[in-house]
Amino acid sequence: MNRNQLKWRCRRGMRELDALMTGYLGAHYASVDDAEKRGFERLLELPDPVLVGYLLKGEQPDDPDIGRVIRRILG
């Protein structure tokens, strides 16, 4: 997925999620390894209620690559 596609996918319709996702894309995505990039792309596939659980409510994903991305986003 190219950067423009990723940026579009970061737009979730909820200001808090938009800020967290686009913040990660701008600050970290270009410099992380391929596993973390794949984790971020899988994270973008998740429905908003699941993202809210992970990013705003502290729920933990089973996928270690997604977990790594979430830790960096929230770090």
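Heads up: the structure comes first, above all this text.
Residues numbered from 1 in each chain as written. Predicted model: local features only at pLDDT ≥ 70, side-chain atom pairs only at ≥ 80, totals over all residues. Heavy atoms only, no water.

A. View of the overall build of the protein chain. The number of helices and strands found in the protein chain is five helices and zero strands. Reading the protein chain from its N end, one meets helices and strands in the order α-α-α-α-α. Relative to the 2.2 N^0.38 estimate, which gives 11 Å for 75 residues, the radius of gyration of the protein chain is 11 Å and therefore close to what a compact globule would have. Summarising its shape, the C-alpha atoms of the protein chain cover approximately 30 × 25 × 20 Å along the three principal directions. Out of the 75 residues in the protein chain, the part that is buried amounts to 35%. (Helix = DSSP H or I, 4+ residues; strand = E, 2+ residues; numbered from the N terminus. Rg over C-alpha atoms; globule rule 2.2 N^0.38 Å. Buried < 20%, exposed > 50% of the residue type's maximum accessible area, 1.4 Å probe, protein only.)

B. Just the side chain of Glu 36, in detail. Note that Glu 36 resides in helix 3 (residues 34-45). A distance of 3.3 Å separates a polar atom in the side chain of Glu 36 from a polar atom in the side chain of Arg 68. Non-local contacts of Glu 36, meaning those with residues more than four positions away in its chain, are made with Tyr 24, Arg 68, Val 69 and Arg 72. (Polar contact = N/O pair within 3.5 Å; in protein donor to acceptor, adjacent residues only side chain to side chain. Contact = heavy atoms within 4.5 Å.)

C. How the structure looks around the nonpolar core. Ranked by internal contacts, the top residues of the largest apolar core, which has 19 residues, are Met 21, Tyr 24, Phe 40, Leu 43 and Ile 73. Elements supplying a minimum of two residues to this core: helix 1 (3-10), helix 2 (15-27), helix 3, helix 4 (48-56) and helix 5 (64-74). (Core = buried A, V, L, I, M, F, W, Y, C linked by side-chain atoms within 4.5 Å.)

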